[in-house]
Each structure stands twice: as C-alpha cells, then as structure tokens.
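Here are the chains, one letter per residue:
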Amino acid sequence: MIYYIDNTNLLIILLSLLRVLEIFMNLEKYEVGFNIPASIGMDIKDIQTPALVIDLKVFQSNILKMKNFIVENNVKLRPHAKMHKSINVANYQINFGGAHGICCQKVSEAEIFIRGGIQDVLITNQVTNLYKIDRLTKMASKEIRLGCCVDNADNIKNIQNSAEKNNAHIDIYIEYDCGANRCGVNTFDQIYDLLNLINKKKNLNFVGFQAYNGSIQHIEDFNLRKKQVHNTSNKIKKLKSTFKQYSPIITGVGTGCFDLEVNEDVYDEIQVGSYAFMDAHYSSLKHNHEINNTNNFDNSLFVLTGVMSNALENHAIVDAGLKSMSVDSGLPKIVNKEFDYLKCSDEHGVIYDPNNLLNINDKVFLIPGHCDPTCNLHDWYVVIEDGKVIDLWPVSARGFSF
C-alpha cells in the first residue's frame, strides 16, 4: 500500500514539473486571471475565483477505494468520463484506479479522449446521425477499441455500412431498458431480432448489454433504493440467463447504488463516474455501510468562490452563481457549516452569515449539487494539496457535446 501511494505521488510530482515547464515555455499563452485561474505554487487565497478545485489527497483516496472494491468483488471498472471530461482524470483512473477503459456519452467527447491517448472507449449512447457514425467508425483501429449502444435495426445497418467503408470494427452493446424509460428495447423478441441482425454484420462485434437504470441512483431512502435495485437486477438476471449462449457481458451501474447493484451479482462491468469527485446530492444519500463498507467517498471537488460584498447585514455576496455551477440537483453546500448558500443569480451567490464572519476577498469552498454539468462550465481544474496549487488540469472535453 505504501509503495503504491509513494509511486503515485512521485508521478504526480513529475507531471507537475512537466506542467510548470509547459507553462513557463508558453508564458504568453497563459495569464492568471485571463485564461487560467491560478499558477502552480500559488496559495489557495490567491486563486482567481470562481474556480473549480480538486483536493488531490481526497481524490486519490476515492480512486483507491473504488479500486479496492472492484478487486474484492471481481468486477471490471469502466468509469464514465462524461462526469469529469478530463484526460488527466481518465488517465489517473486507468493508471492507478484499476479502470480498463472509459465510458463517454457523445462521439466528439470520445474523440477528445482517443486523441488524448485513451485506447478503450464505450459510448453509452445511440449514435444515429450518419455524419456522427462516420466519425465514429473512422476513430476505430487496431489500437483503438471502440463501442456504442444500439436499440434499432436501421442504426445497426448504418453502422455496418460505415464500418465496412472505413475498414473498422465496432463493439456493439444492445441497450436494455431495465427501468430508466429512456433509450433501449424492453422485450426479448426485440433483442433476438437485433442480435440476429448484428451477427450477420462482419464489421460489428456483439459484446453484451447496456443495462443502466439511472432513475434508481438518486432515491434518497436507502431501503427503498435497495428494493428498486433488487427489482431491476431481477430483470437483468432474466435477460442474462435468456441470452447466455451469446456469453454477453452486462455493463451499467452508477455511483448512487453501485454497492447494492454489484451485490446482486449480475454486472460484469461498472460505469460509476461521480465517485471520484462526489457532489452534494450523492453525498446526501443514506447508505448502509455494512454492505461492503465502501460507499463512503468524500468530496474532492469544490467550486472556490470569493466574497465580494458584505454590505447586507448577516449575509455575504460571493462571485459564484449559475454560470459557475449547476443547481439542477439543488444549491451547493458550504464546507464550513456555519454558513448557508441561500440563492444565486448569473454571477452572484448569497450566503447566510449569521455572525458576520466573512470579510471581503475571503475564500469559501462550495460543494456543487451536481458535479457533471458543473465541470462542463469550467476550462480548468485547479489541483491543490496542503494549501498550495500543485497542478492545473484542463477540462479537456468541455463543450464537446456533438
């Protein structure tokens, strides 16, 4: 364990030194306060806000906890990169976190990661537009393993035509609607039809089933969430046994109830994403820590904001509002429990400060309600350790939603 951590820190130091050299050689490109929020070596108090911040030690701990979980439970890990959209984070998960590949949600997003050196990508979505299909098949090669989901026959035919034209082979996952009521087929007759069609296509490789029930990930009550996981898993068990002659893998699972889902013994691969950062919503879910004792990830992602006014009695106005974080899963929480984030507009946030403790330019750490869309609002992660900025990681695929 000590050997693992020591080597991890050594690699982080080497990467940080390379980043310092890169920034030094491109001084005209990077200017703090213009296109980067901080520089390496800077104190937290000097970070230009609002900024997206990663606490490296907590991040490393979360990654290691999930690695230990997949080893103990003999499942593969393919974390979802739509959460962080960062090549740096994806590489860390592969190099140190036990991941064998990543998930993406869009073709352009996948292309960013493939161009960044990731060689095993599953697009957990339907790719139906002909132009996007062509880009998809052009990315695949002997070195790059690439897959996507399907739920209709025309899509399969179009992917085959493009793959044949581009001399590519694509992994195909039939999406099974196990309760999300979004994409996917929900009858075994439909699956048989799609399977028979896929197996006739020489450039398509049927791998298994995408079976992700996103609706159960956010159920707050633990017992109800456990019940719904069991119901969903029973559907998937029947699916797996019905098509066992095809040796399908079952991929799915999210951070909200991954331990419960894996405990049902139906999944071969898990697609958890938020575990690396966590957010206020996932952190609020009730858990039974006796189950594998693993769903105790800590918040490593924050929106750092600065106080710009305290003219209002018992309140402080900060510079992080709707353009700095998503509030679809609720308002952010504040690390310091003495304060409460009350409301926000585009560029302002109102904090309740009952004892008037916050002064102008004080920094406040916010835990965003939903990490995925919050990350997509920023260009950089400011990586901190022991009160100092140790690295800057680009949000590589920010805005790549084609």
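*Asks:* Sorry if this is basic, but what is going on with the overall build of the protein here?
*Replies:* A tally of helices and strands in the protein yields eleven helices and 17 strands. On C-alpha atoms alone, the protein measures out to a radius of gyration of 22 Å, which is about the 21 Å that the 2.2 N^0.38 rule sets for 402 residues. On the principal axes, the C-alpha backbone points of the protein span a range of 70 × 50 × 45 Å. Counting across all 402 residues of the protein, residues that qualify as buried make up 52%. For the protein, long-range pairs separated by at least 24 residues make up 70% of all intrachain contacts whose partners lie at least 6 apart in sequence. Approximately 18,100 Å² of the protein is accessible, and the part contributed by carbon and sulfur atoms is 50%. Charged side chains in the protein number 39 positive and 46 negative. The centres of these two groups are separated by 7 Å.

*Asks:* Could you clarify how one ought to interpret the nonpolar core in this entry?
*Replies:* For soluble globular proteins, nonpolar side chains are generally found buried alongside one another. One finds Phe59, Met66, Ile174, Ile191, Ile270 and Phe277 to be the most contacted residues of the largest nonpolar core, which totals 97 residues. Among residues more than four places away in sequence, those in contact with Ile270 are Met66, Phe69, Ile70, Val75, Lys76, Leu77, Arg78, Pro79, Gly252, Val253 and Val262. Of all hydrophobic cores here, the second largest spans 14 residues; its members include Ile47, Val382, Val389 and Leu392.

*Asks:* For this particular structure, what's the right way to read the packing of aromatic side chains?
*Replies:* When we look at a pair of aromatic rings, we describe it by the centre distance and by the angle of the planes. Scanning the entire structure with this criterion turns up 17 aromatic pairs. Summarising the aromatic geometry, the rings of Tyr176 and Phe188 are spaced 6.3 Å apart at their centres and angled 45° between planes, so their arrangement reads as tilted. With Tyr176 in the loop between β6 (170–175) and α7 (188–198) and Phe188 in helix α7, the pair connects residues that are twelve residues apart, well separated along the chain. Taking the relative accessible area as the measure of exposure, Tyr176 reaches 7% and is therefore buried. The rings of Tyr176, Phe188, Tyr192, Phe206, Phe209, Phe243 and Tyr246 are connected pair by pair, giving a single aromatic cluster.

*Asks:* Got a minute to help me understand the pairing of β6 in this structure?
*Replies:* Where a strand is regular, its side chains alternate between the two sheet faces. β6 sits mainly inside the fold: six of its six residues count as buried. A two-sided burial pattern is seen for β6, the buried positions comprising Ile170, Ile172 and Ile174 on one face and Asp171, Tyr173 and Glu175 on the other. In terms of strand pairing, strand β5 (residues 145–150) meets β6 through four bridges, oriented parallel. Across the sheet, residue Val150 finds its bridge partner in β6, namely Ile174. Handedness of the β5-helix α6 (residues 153–165)-β6 crossover: right-handed. One crossover worth recording links β6 to the parallel strand β7 (residues 204–210) by way of α7, and it is right-handed.

*Asks:* I keep staring at the sheet that holds β6 and nothing clicks. Help me out?
*Replies:* The strands that make up a sheet pair up through hydrogen bonds in the backbone, lying either parallel or antiparallel. Pairing is parallel across the open sheet formed by eight strands, whose spatial order is β2-β9-β8-β7-β6-β5-β4-β3. This sheet does not close on itself; its edge strands, each paired only once, are β2 (76–77) and β3 (102–104). When β6 meets β7, the two strands line up parallel, connected through six bridges. Bridge assignment links Glu175 to a residue of β7, and that residue is Gln210. Across the sheet, helix α5 (residues 130–139) is in contact with β4 (120–126), β5 and β6; its angle to β5 comes to roughly 150°. Across the sheet, α6 is in contact with β5, β6 and β7; its angle to β5 comes to roughly 155°.

*Asks:* Mind showing me how you'd approach the side chain of Lys85 here?
*Replies:* Residue placement: Lys85 occurs in the loop between β2 and α3 (87–96). Under the relative-accessibility criterion, Lys85 is labelled buried at 8%. Contacts of Lys85, omitting those with residues within four sequence positions, involve Glu109, Phe113, Asn376, Val395, Ser396, Ala397, Arg398 and Phe400.

*Asks:* Is there a simple way to explain the pairing of β4 in this structure?
*Replies:* Most of β4 sits inside the fold, with seven of its seven residues counted as buried. As defined by bridge partners, β3 adjoins β4 across three bridges and the pair is classed as parallel. Across the sheet, residue Cys104 finds its bridge partner in β4, namely Ile123. Traced from β3 through helix α4 (residues 107–115) to β4, the parallel crossover comes out right-handed.

*Asks:* In this structure, what is going on with helix α8 (residues 222–242)? I would like to understand it.
*Replies:* Given 3.6 residues per helical turn, the α-helix brings residues three or four places apart onto the same face. Across its 21 residues, α8 extends 30 Å between first and last C-alpha, which sits within 8% of the 30 Å expected from 1.5 Å per residue. Of all the residues in α8, the buried ones are Phe222, Arg225, Val229, Thr232, Ser233, Ile236 and Leu239. Viewed along the axis of α8, the buried residues span an arc of 110°, placing them on a single side of the element. Away from its buried face, by an angle of more than 90 degrees, α8 presents the exposed residues Asn223, Lys227 and Lys238. Along its buried surface, α8 packs onto α7, β7, β8 (249–252) and α9 (258–263). The residue sitting at the N-terminus of α8 and contributing the capping side-chain oxygen is Asp221; that oxygen lies 3.2 Å from the backbone nitrogen of Asn223.

Cut-offs and rules
- Residues numbered from 1 in each chain as written.
- Predicted model: local features only at pLDDT ≥ 70, side-chain atom pairs only at ≥ 80, totals over all residues.
- Heavy atoms only, no water.
- Helix = DSSP H or I, 4+ residues; strand = E, 2+ residues; numbered from the N terminus.
- Rg over C-alpha atoms; globule rule 2.2 N^0.38 Å.
- Buried < 20%, exposed > 50% of the residue type's maximum accessible area, 1.4 Å probe, protein only.
- Contact = heavy atoms within 4.5 Å.
- Areas by Shrake-Rupley, 256 points an atom, 1.4 Å probe, with all protein chains shown as cover.
- Lys, Arg positive; Asp, Glu negative; His and termini not counted.
- Charge placed at Lys NZ, Arg CZ, Asp CG, Glu CD.
- Core = buried A, V, L, I, M, F, W, Y, C linked by side-chain atoms within 4.5 Å.
- Phe/Tyr/Trp six-rings, centres within 6.5 Å; stacked < 30°, edge-to-face > 60°.
- Pairing = 2+ DSSP bridges.
- Right-handed = clockwise from strand over helix to strand, strands pointing away.
- Axes fitted to C-alpha atoms, helices over the stretch in contact; angles between N-to-C directions.
- Expected span 1.5 Å × (residues − 1).
- Arc of directions from axis to C-beta.
- Polar contact = N/O pair within 3.5 Å; in protein donor to acceptor, adjacent residues only side chain to side chain.

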